[in-house]
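Summary of the model geometry
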Amino acid sequence: MKNAYFPQEIEKKWQKIWEENGTFKTPNESDKPKYYALSMLPYPSGKLHMGHVRNYTITDVIARFKKMNGFNVLHPMGWDSFGLPAENAAMKHGAEPEKWTLENIAYMTKQLKMLGLSYDWDREVTTCLPDYYKWTQWLFLQLYKKGLAYKKDASVNWCNECGTVLANEQVIDGKCWRCDSVVEKKYLSQWFFKITEYAEELLKDLDKLPGWGDNVKTMQANWIGKSEGAIFRFKVVEKDLEVPVYTTRPDTVHGITYLVVAPEYKDIEALTTPENKEAVEAYRANARKMTEIERLSNDRVKTGVPLGTHCINPFTGEKFPLWTADYALAEYGTGAVMAVPTHDERDFDFAKKYNLPMKVVIQNPENPSDCKEKAYTEEGILVNSNEFNGMKNTEAKKAITQKAVDEGFGEFKTQYRLRDWLISRQRYWGAPIPVVYCEKCGIQPVPEDQLPVLLPKDVDFSVVGKSPITTSKTFAETTCPCCGGKARRETDTMDTFVCSSWYYMRYADPKNDKMPFDKDLINHWLPVDQYVGGIEHAILHLLYSRFFTKALRDLGLLDFDEPFKNLLTQGMVLKDGAKMSKSKGNTVDPDEIFENYGADTARLFILSDSPPARDFDWSDAGVEGCYKFLNRVWRLISSNAENIKVAYALPTTLTKENDDLVRVVHMAIKGITNDISNDFQFNTVISKYRELVNAIYDWQGKKSDLNDEDKAVLSFAIVTLIKLMSPVAVHLCEEAWTELGGEGSIHAQDWPVWDENLAKASSITLIVQINGKVKDKIEADEALNQDELKELALSSPKVKELTEGKTIVKTIVVPKKLVNIVVK
RNA sequence: GCCCUGGUGGCGGAAUCGGUAGACGCGUCGGACUUAAAAUCCGGUUGGAGUUAAAUCCAGUGCCAGUUCAAGUCUGGCCCAGGGCACCA
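Residues numbered from 1 in each chain as written. Chains lettered and ligands numbered in written order. Predicted model: local features only at pLDDT ≥ 70, side-chain atom pairs only at ≥ 80, totals over all residues. Heavy atoms only, no water.

A few words now on the overall build of chain A. Scanning chain A for helices and strands turns up 24 helices and 34 strands. Projected onto its principal axes, the C-alpha coordinates of chain A cover approximately 105 × 85 × 50 Å. Residues counted as buried form 54% of the 824 residues belonging to chain A. The contacts of chain A with a sequence gap of at least 6 include a subset with a gap of at least 24, amounting to 73%. A total accessible area of about 36,600 Å² is found for chain A, and carbon and sulfur atoms account for 49% of it. Across chain A, the 105 positively charged side chains and the 118 negatively charged ones have centroids separated by 1 Å. (Helix = DSSP H or I, 4+ residues; strand = E, 2+ residues; numbered from the N terminus. Buried < 20%, exposed > 50% of the residue type's maximum accessible area, 1.4 Å probe, protein only. Contact = heavy atoms within 4.5 Å. Areas by Shrake-Rupley, 256 points an atom, 1.4 Å probe, with all protein chains shown as cover. Lys, Arg positive; Asp, Glu negative; His and termini not counted. Charge placed at Lys NZ, Arg CZ, Asp CG, Glu CD.)

Listed below in structure tokens is the structure:
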């Protein structure tokens, strides 16, 4: 074994051998239990960044750990390779999106291999290739047949910069998730997935996911936004019309003093009197012009105009006016709101501004409020509410709704904030939506045997204001699968999130050309046992994937309810306290780290300083420290190489010193195994590697010559060390294993096991406290019983001195640990 | 405003059940080796008091109370930071 550590040399060597030997191939058939470890698949942007390195290292260590623990581990990798950057690159550099994408994939694959990741590359999935997107299209057709994919005219989010529509989930603070430019509203005919059909199950099944963080689950729950309330229908005085409203406060219904409809409300024109028409039209025109941002920026300052018509409150017979105001949202509930200014802050603000009447109907008997200064929104007792007076408002909700139900002007209603998923994109580089439009037959799905609908090659990427796909002379023109007549192909492509909603299923059966996946195989491998990725997908990708799983289950394609059993959301990689970004100039290039220190150092460092879920601050000194540590490990092994043999067996009886080292090794096995099992605390795992290495050096420092027993003990310690380190320092440990006479790959060895009796020190340190403060520490035999421990503590000279002249009130003995003497 | 997460040395962070606070590392200071440097090795490093040096003592896990023989850990109230949602009726 060489004296010096040359990571670049050994890393290259082993990567080649592993590839040739197929060390990391995963067979479908195995007598071992399965384990599916998965990282979120990357977008092939060009180069790996440190966030990737962190993500894939975490998952890789998990996969290797599980493999050594007797699992048949599926650990695949693929590419989320449709999307706008490829198209932008095409426009900028004139490169084909496909060529650009495949080149990036080739480069990043090389980088992933340099990191020493244990992927089964035979299962690689590339979403932009026809053998994959054929099945994305096939799945679309199944959803279409089931009524879960549909086309409708709707007001949609439009990003001018990207030249396409966006899903609600892709609009962040009124801006595009990708390019950050302001999103506008457009009225277009678009394709949707009916995710709302699963709103209740998506919410409810969050409870089935104890392996997910509460942060992600509450984000999803908030996004789904369930609320329970009632619909009331109010008759319009001047017209033969009704205005239905949704409310979560049916208990306040006697306090209605006006009603608000959204500017986009469907019946608004009919509800407007001729005298008010001009003002209402002006208000609506202005609302249409405003972007989401503008609506948000002047929040709290509410505006509106009266329509001139009135409704009757069936509970009181009172007549109240109708208004339009943009604080009522067309897309939520019925688009109309009953206003109770006394018990709703928004209605209160509006009523104050326009001097509308107020009527108190809920009171706190202890501390009544007249609601002149602010709305009272807490619980209370009903007043001014006819037969409901005196009822607790929580009970009145039900009673009042029931009355509406009985008398036929209302019902109980559960409402969700979640909207259907808009999947059309007016872009080229995506999976074409497989439908055609026929003048005679209408919307026709492309027959399954005609899939895939291939992307055309004869397109002009320089066009502005429309999708490049529309420039193809060959693509749109087609024949109707129904009547054979002339028809036009859909030119919209699917949101890339559709592709990434099922990729983890394809890994189970990546080469299937009859189906997206075999049912038995997917039921065998799925759900994913451990999913690792960034928190930024808490809603988007994770919600869509959960929806897909449930929809495909209902299509009979699979038999599970949730795709990801355990989810680890890793923190960001920072540098100098800020997120790494090119614009800030604080990025670190993985290639440079591989070149200067090797992949093992990079892997060790990225896991070392912070627990996976927390943000990680990159520091050059930290990398240096990890490199030094690996050198230290290397020296420890190489300087002892002739004394260490994998095959050496431990003698049954040992000297005290050797016994102590053996105990340290057992403690390390136990500690490291528990740390990995307990939320993958790799930072403490690595500190335990260091402790073990330090202990071996200390032990060695006390020895001048090694006898046979010493050699056996040292071999045990070092062979265990490299097994424990092998999931992290994958190349170094493989090299050491081979040099020390190990057979096969270290990555195929069994994980070390500890002996509970040896995984502790041979004696205990008894903590002696007086009044809860540590006063003495005594080495003691662990066999001592409680009384003996008490005697031992009381016999301490220190204790005698401090208890002199005082009364011992009480003595608490914690077995094997501590004695607390309470004195007065 | 609502929801989630967190608050421990100069820094990253550690501390199964309530039982030695600060593991391990980074930084830093001192020492050894060296002509010198790098590398390596050894030692100190929460604050304060104390001493020639030590021993030793006191305080200390965001703040204020409480429970307990014992609280970083449990309970109640508050403050701060980060993230998410936000005119959702």
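Picking up after the structure, the text goes on.
Helix length check: helix H11 (residues 393–407), at 15 residues, gives a terminal C-alpha distance of 21 Å against a target of 21 Å (1.5 Å per residue), a fit within 8%. When we look at burial in H11, the residues that qualify are Asn 393, Ala 396, Ile 400, Thr 401, Lys 403 and Ala 404. Angular distribution of buried residues about the axis of H11 spans 150 degrees; they occupy a single face of the element. Facing away from the buried surface of H11 by more than 90 degrees, the exposed residues are Lys 398 and Asp 406. Among the residues trailing H11, Gly 408 stands out with phi positive, at a value near 80 degrees. (Expected span 1.5 Å × (residues − 1). Arc of directions from axis to C-beta.)

The subject of this paragraph is the environment of Lys 113. On the secondary structure map, Lys 113 appears in helix H4 (residues 97–114). Note on Lys 113: relative accessible area 28%, which makes it partly exposed. Through-space distance from the C-alpha of Lys 113 to that of Gly 625 is 24 Å; in sequence the pair is 512 residues apart. Ignoring any residue separated from it by four or fewer positions in sequence, one finds Lys 113 in contact with Gln 15, Glu 19 and Trp 121.

This paragraph deals with the pairing of strand S5 (residues 149–159). Here eleven bridges tie S5 to strand S9 (residues 183–193), and the two strands are oriented antiparallel to one another. If you follow Ala 149 over to S9, its bridge partner there is Phe 193. Where S5 meets strand S6 (residues 164–166), three bridges bridge the pair, whose relative direction is antiparallel. Considered in S6, the bridge of Asn 157 is made with Leu 166. Adjacent in sequence and paired antiparallel, S5 and S6 are bridged by four residues, among which Gly 163 carries a positive phi angle near 65 degrees. (Pairing = 2+ DSSP bridges.)

Within the largest apolar cluster, 90 residues are counted, with the highest numbers of intra-cluster contacts made by Phe 140, Phe 193, Trp 421 and Phe 548. Apart from residues no more than four positions distant in its own chain, Phe 548 is found in contact with Leu 139, Leu 143, Phe 193, Trp 421, Val 498, Ser 501 and Trp 502. Core analysis: the second largest hydrophobic core is formed by 88 residues, Tyr 597, Leu 661, Phe 682 and Leu 740 among them. (Core = buried A, V, L, I, M, F, W, Y, C linked by side-chain atoms within 4.5 Å.)

Moving on: the sheet that holds strand S24 (residues 486–489). Pairing in this open sheet of four strands is antiparallel, and the strands run S22-S21-S24-S23 from one edge to the other. Two strands lie at the open edges of the sheet, namely strand S22 (442–445) and strand S23 (477–479), each paired on one side alone. Each adjacent strand pair in this sheet contributes to an overall mean axis angle of 40 degrees, direction not counted. Bridging between strand S21 (residues 435–438) and S22 involves four bridges; their strand directions are antiparallel. Within the sheet, the bridge partner assigned to Cys 438 lies in S22 and is Gly 442. (Axes fitted to C-alpha atoms, helices over the stretch in contact; angles between N-to-C directions.)

On to the pattern of salt bridges. In this structure the tally under the stated criterion is 46 salt bridges. With its nearest N and O atoms 2.8 Å apart, the salt bridge here joins Asp 60 to Arg 64. Highlighted residues: Asp 60 and Arg 64, both in helix H2 (residues 50–68), separated by four residues, approximately one helical turn. Just as Asp 60 is buried, Arg 64 falls in that class too. (Salt bridge = Lys/Arg side-chain N within 4 Å of Asp/Glu carboxyl O.)

This part takes up the protein's contact with RNA strand B. In the vicinity of RNA strand B there are 51 residues, among which Thr 248, Lys 302, Arg 346, Arg 632 and Asn 820 approach most closely. The sugar-phosphate share of atoms of RNA strand B within 4 Å of the protein amounts to 67%. A distance of 2.7 Å is found between a phosphate oxygen of RNA strand B and a side-chain nitrogen or oxygen belonging to Tyr 332. Within the side chain of Asn 694, one N or O atom sits 3.3 Å away from a phosphate oxygen of RNA strand B. For the surface near RNA strand B, the element with the highest residue contribution is helix H20 (residues 682–701), accounting for six residues. By residue class, the composition of the surface near RNA strand B is 16 nonpolar, 13 polar and 22 charged. (Near = heavy atom within 4 Å. Polar contact = N/O pair within 3.5 Å; in protein donor to acceptor, adjacent residues only side chain to side chain. Nonpolar A, V, L, I, M, F, W, Y, C, P; charged D, E, K, R; others polar.)

Residues Asp 576, Asp 609, Asp 615, Asp 617, Asp 620 and Glu 624 make up a contiguous surface patch of negative charge. Along the chain, Asp 609 turns up in the loop between helix H17 (599–608) and strand S30 (616–618). (Patch = residues over 30% accessible without salt bridge, like charges linked within 9 Å, V, L, I, M, F, W, Y side chains within 5 Å.)

Our next topic: the side chain of Thr 57. Along the polypeptide, Thr 57 turns up in helix H2. Overall, the relative accessible area of 0% leaves Thr 57 in the buried class. Every residue in contact with Thr 57, bar those within four places of it in the chain, is listed here: Leu 115, Leu 117, Arg 603, Ile 606 and Leu 607.

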